Amino acid sequence: MCSVPQALTFSPAMRWGCHLPRASWAPGLGRVLQPADERIPFLIHWSWPLKGERPLGPPRAFIRHHGSSAGSGPPSGRHGQLFQGIAAAEAIQRHRQNLAEWFSRLPREERQFGPTFALDTVHVDPVIRESTPDGLLRPLAELAVEHQPPSAGLPPLALSQLFDPDACGRRVQTVVLYGAVGTGKSTLVRKMVLDWCYGRLPAFKLLIPFSCEDLSSLGPAPASLCQLVAQRYTPLKEILPLMAAAGSCLLFVLHGLEHLNLDFRLAGTGLCSDPEESEAPAAIIVNLLRKYMLPEASILVTTRPSAIGRIPSKYVGRYGEICGFSDTNLQKLYFQLRFKQPDCGHGAGGFSATPAQRDHLVQMLSRNLEGHHQIATACFLPSYCWLVCATLHFLHAPTPAGQTLTSIYTSFLHLNFSGEMLDSTDPSKLSLMAYAARTMGKLAYEGVSSRKTYFSEEDVRGCLEAGIRTEEEFRLLHVFRRDALRFFLAPCVEPGHLGTFVFTVPAMQEYLAALYIVLGLRKTTLQRVGKEVAELVGRVGEDVSLVLGIMAKLLPLRALPLLFNLLKVVPRVFGRVVGKSREAVAQAMVLEMFREEDYYNDDVLDQMGASILGVEGPRCHLDEPTEDEVFELFPMFMGGLLSAHNRVVLAQLGCPIKTLDALENAQAIKKKLGKLGRQVLPPSELLDHLFFHYEFQNQRFSAEVLGSLRQLSLAGVRMTPLKCTVVAAVLGSGRHALDEVNFASCQLDPAGLHTLRPVFLRARKLGLQLNSLGPEACRDLRDLLLHDQCQVTTLWLSNNPLTAAGVALLVEGLAGNTSLKHLSLLHTGLGDEGLELLAAQLDRNQQLQELNVAYNGAGDTAALALAKAAWEHPSLELLHLYFNELSPECRQALRDLGSTTEGGARVVVSLTEGTAVSEYWSVILGEVQRNLNSWDRGRVRRHLELLLRDLEDNRGATLNPWRKAQLLRVEGEVRALLEQLGGPGS
């Protein structure tokens with residue numbers, strides 16, 4: 001039953017036995033609390049909220065895409081009159097209400113994205129192709145990865161056509177729908193049940209769904225069909241006697257037949273036609289399918305492909321293969337509906353992007369799908385459509401507390417594989433996910449180790465068949481290939497790699513490789529043999545030594561006890577071998593995390609977004625693509641899988657990670673990361689380092705590893721809401737101060753500033769230049785400066801459009817701040833109004849030592865007012881006013897003010913001071929050089945030409961050869977800048 005999450009998964013009602021006692025299936029069925037691990041529906045809805053009473057008639061707006069279960073013909077008159085009595089009608093109405101409420105509940109994994117899926121509305125059905133018994137007997141392809149083309153002349157089936165007469169006109173009573181993991185079996189069951197609840201299945205007056213997983217949990221305990229129904233659907237107790245005469249008006253839905261071991265031999269399962277006779281649940285299902293019990297009833301069965309043969313074909317009227325989203329248009333439709341639904345708001349956790357951002361995401365996804373990229377092959381499975389949406393939500397929307405990329409992938413596998421056994425008939429009861437971790441994990445890790453993502457058929461077969469020796473093992477492999485191999489591997493559609501296979505999404509390879517390591521499945525021959533020998537020697541060593549010790553007292557064999565005491569050392573030696581292996585894995589993981597590649601040098605989150613949405617514009621170095629793959633998510637997943645939450649979920653999947661192993665792996669990783677922590681990393685690599693700690697979700701571990709971090713430079717990294725959350729979560733709780741925090745040119749917004757405030761409070765020097773921060777951002781900056789834990793001494797805000805409105809808020813923060821000493825407001829659009837505000841409020845701060853308001857378009861009056869306030873300020877030492885709209889007379893007045901004042905602030909307005917070069921000339925030209933591409937080139941050229949004339953005039957006015965040489969040198973620097981701007985160099 002592991003079909004589809006979200007879209008894709010299965011309602012909790014299909015997992016009754018696992019989640020609820022049978023007593024829960026009483027009149028209060030719809031009000032029971034929702035279990036934490038129920039499966040996600042493949043519905044997209046926005047009609048009704050998940051609270052209050054809902055009408056059970058047709059919704060206001062129900063849009064059907066690619067088929068509907070509505071529109072079936074009316075039942076026969078005789079059967080249609082059975083449930084017309086008042087008592088029967090009321091019982092069925094209560095049954096409808098209970099089913100509707102139960103099946104409309106959202107699983108926890110979907111609720112974390114907000115109440116975006118209500119009960120009904122827009123629904124996208126996967127494609128269903130009718131199959132023939134002869135086609136089902138066709139030999140399985142070698143790898144069974146590529147989707148087999150449908151049989152000729154058999155068009156797709158809509159849900160409304162499932163029980164239509166067959167090609168020979170015979171009535172169809174039993175329909176079997178089959179599909180591999182992730183194709184949408186649970187989706188269709190959910191849709192049919194909800195359609196019936198809302199009156200859109202008029203052909204059936206009564207629908208009774210059964211979860212075969214629930215029935216299998218009962219074992220051989222006898223119970224009658226009436227008892228099974230009454231235990232789960234209490235309102236139906238009153239009409240159970242009518243079932244026998246209901247005919248085709250009664251529909252049984254049997255979901256997940258692979259959980260039941262059915263025996264259709266008369267010697268194995270006897271005939272039984274009485275619904276009130278107690279039998280084993282499997283025997284009741286067999287007699288229903290034989291049409292020996294309730295022969296007129298309609299039956300819909302869903303199953304995995306490997307279990308189709310458990311029902312003899314003579315008992316089946318129609319087979320339907322669930323093919324997923326084999327049409328790219330269905331994939332695009334799903335994404336459009338998923339992203340363009342009404343915003344549920346921040347508080348609800350909905351996708352809070354603007355309509356323009358949503359449209360942009362949908363357009364990029366559509367282009368990627370239309371380009372026949374690998375993502376279209378991945379989204380063939382509806383479950384991967386959900387994973388794509390969940391990943392994009394994680395990357396672009398505010399992140400719920402504790403949610404990580406690893407937890408999304410772990411939840412994704414939990415939604416598809418929870419409770420799934422590889423084969424219910426196998427005595428070992430092996431978990432399907434555990435088998436996948438051993439086989440697909442091995443392939444994934446070998447790919448990571450050899451740095452490849454494309455696998456030949458021989459590669460895949462080698463990992464699947466490794467260690468298989470018995471017929472039973474080959475049978476289990478056959479089941480896995482039919483049911484789940486396509487979930488993990490897809491045929492490659494990229495030019496130059498046709499005929500090879502890739503993991504369905506690239507990140508899944510790295511996740512499975514990490515899982516393979518943390519589960520301890522990677523063992524060398526020495527480890528495998530050594531472990532057995534060490535355990536054996538450790539068990540017998542003490543006994544042998546004791547016996548020989550006694551014998552040595554009687555015989556001259558005193559050397560033997562010493563010899564056998566050495567046996568006790570063997571387990572210790574083996575432990576060290578395992579420890580060295582863990583250190584080697586940790587070393588490889590750390591090296592992978594911090595590889596510097598010319599081609600893939602973005603941070604890992606941007607790389608993941610590009611892999612889903614594609615790359616806008618021409619790709620860099622298109623003619624020289626790298627042949628060396630990068631697996632930077634592999635270490636992130638390794639850290640994430642060691643977190644406590646993911647270990648709990650993996651244990652539910654049958655993949656337990658021992659606490660001792662997790663601790664030892666963490667120690668090995670910490671040892672390697674501690675050495676790296678003293679290095680200065682490029683911004684993208686530093687963010688990857690922080691993201692690893694975010695995935696690990698262990699504050700104590702992060703505090704120890706990052707204790708030596710003193711400089712946080714993420715300049716140039718595009719800080720999305722997720723990245724801000726990552727940095728704040730990892731560094732926000734630290735205690736030691738950060739000497740410098742640099743977020744220059746990071747596309748920060750006010751929301752990002754608010755998120756990062758805990759990190760800013762630890763900073764002494766804070767760089768926020770080139771972020772397009774407007775006046776609204778100054779509210780957060782004001783609150784930062786007024787915070788009692790603020791220790792910022794230097795604040796760079798240059799090249800942000802703060803304007804005078806923003807400065808009005810900043811001066812409030814300056815008035816109450818006691819730490820700030822250096823403030824740069826260079827090129828922030830202050831104008832005369834902003835400088836006048838600063839002049840009026842400057843005296844409210846008594847600690848400021850340097851203020852830079854250069855290049856703000858201020859005139860003479862405002863500049864002189866600010867210079868006078870600076871001169872009167874008790875602590876201000878330096879005021880930058882260059883590149884403002886100042887007249888020669890004003891510049892001279894400012895020079896005179898700075899030269900005649902004793903103890904007042906120095907005012908920098910030019911490259912010269914009198915006939916000498918200003919000691920701040922390199923500061924001025926350095927600012928121009930750094931901002932040459934972002935400033936108004938014409939305006940900068942005009943200012944530079946004025947400075948050049950000023951230098952030439954001063955050079956002509958001085959006779960000092962040393963000063964002339966200095967002036968000439970600076971003139972050369974100015975001319976070089978003018979040449980870069982396209983102006984005359986002389």
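Overview of the structure. (Residues numbered from 1 in each chain as written. Predicted model: local features only at pLDDT ≥ 70, side-chain atom pairs only at ≥ 80, totals over all residues. Heavy atoms only, no water.)

Attention now moves to the overall build of the protein. The helix and strand tally for the protein stands at 38 helices and 21 strands. Counting the 986 residues in the protein, one finds 56% classified as buried. Relative to all contacts within the protein whose residues are 6 or more apart in sequence, the contacts with residues 24 or more apart total 82%. Summed over all atoms, the accessible surface of the protein reaches about 40,600 Å², with 54% contributed by carbon and sulfur. (Helix = DSSP H or I, 4+ residues; strand = E, 2+ residues; numbered from the N terminus. Buried < 20%, exposed > 50% of the residue type's maximum accessible area, 1.4 Å probe, protein only. Contact = heavy atoms within 4.5 Å. Areas by Shrake-Rupley, 256 points an atom, 1.4 Å probe, with all protein chains shown as cover.)

Our focus in this paragraph is the packing of helix α11 (residues 355-370) against helix α23 (residues 604-613). Packed helices, taken two at a time, are described by the angle between their axes plus the distance between the axes. Where α11 meets α23, the closest approach of the two axes is 8 Å, and the angle between their N-to-C directions is 60°. One element, α11, and the other, α23, form an angle in the oblique class. Contacts from L361, M364, L365 and N368 of α11 reach α23 at S611, I612 and L613. (Axes fitted to C-alpha atoms, helices over the stretch in contact; angles between N-to-C directions. Parallel < 35°, antiparallel > 145°, perpendicular 65-115°, else oblique.)

The next thing to look at is the side chain of H255. Tracing the sequence through the fold places H255 in strand β7 (residues 250-255). Look at H255 and you get buried, because its relative accessible area is 1%. Within the structure, H255 has its side chain in polar contact with the side chain of T302 (distance 2.6 Å). (Polar contact = N/O pair within 3.5 Å; in protein donor to acceptor, adjacent residues only side chain to side chain.)

Turning our attention to the sheet that holds strand β16 (residues 822-824). On the basis of which strands lie adjacent, the open sheet formed by eight strands has the order β12-β13-β14-β15-β16-β17-β18-β19 and parallel pairing. Here the strands that pair on one side only, and so sit at the sheet edges, are β12 (711-713) and β19 (906-908). Pairwise comparison of adjacent strand axes, ignoring direction, gives a mean angle of 10° for this sheet. (Pairing = 2+ DSSP bridges.)

On to the sheet that holds strand β6 (residues 206-211), then. Taken in spatial order, the six strands line up as β4-β9-β5-β8-β7-β6 in an open sheet, and their pairing is mixed. Pairing within the sheet leaves two strands with one partner each, and these edge strands are β4 (127-131) and β6. Put simply, the sheet's adjacent strands are angled 20° from each other on average, direction ignored. Strand direction decides the pairing type here: β7 and strand β8 (residues 298-303), joined by five bridges, are parallel. Bridge pairing links L251 to S298 in β8.

Moving on to the packing of aromatic side chains. Under the counting rule described, the total for this entry stands at 29 aromatic pairs. Pairing F163 with F204 gives two aromatic rings, centres 5.5 Å apart and planes at 75°, and the pair type is edge-to-face. Taken together, the positions of F163 in the loop between α5 (133-136) and β5 (174-178) and F204 in the loop between α6 (185-197) and β6 put the pair 41 residues apart, joining distant regions of the chain. Here F163 and F204 have matching classes, each one buried. With a centroid separation of 6.4 Å and 20° between ring planes, the pair formed by F480 and F488 is classed as stacked. No difference in accessibility class separates F480 from F488, as the two residues are buried. Linked through ring pairs, Y384, W386, F412, F417, Y435, F480, F487 and F488 together constitute an aromatic cluster. Positioned over the ring face of W196 is R96, at 4.1 Å from the centre of the ring. (Phe/Tyr/Trp six-rings, centres within 6.5 Å; stacked < 30°, edge-to-face > 60°. Lys NZ or Arg CZ within 6 Å of the ring centre and 35° of its normal.)

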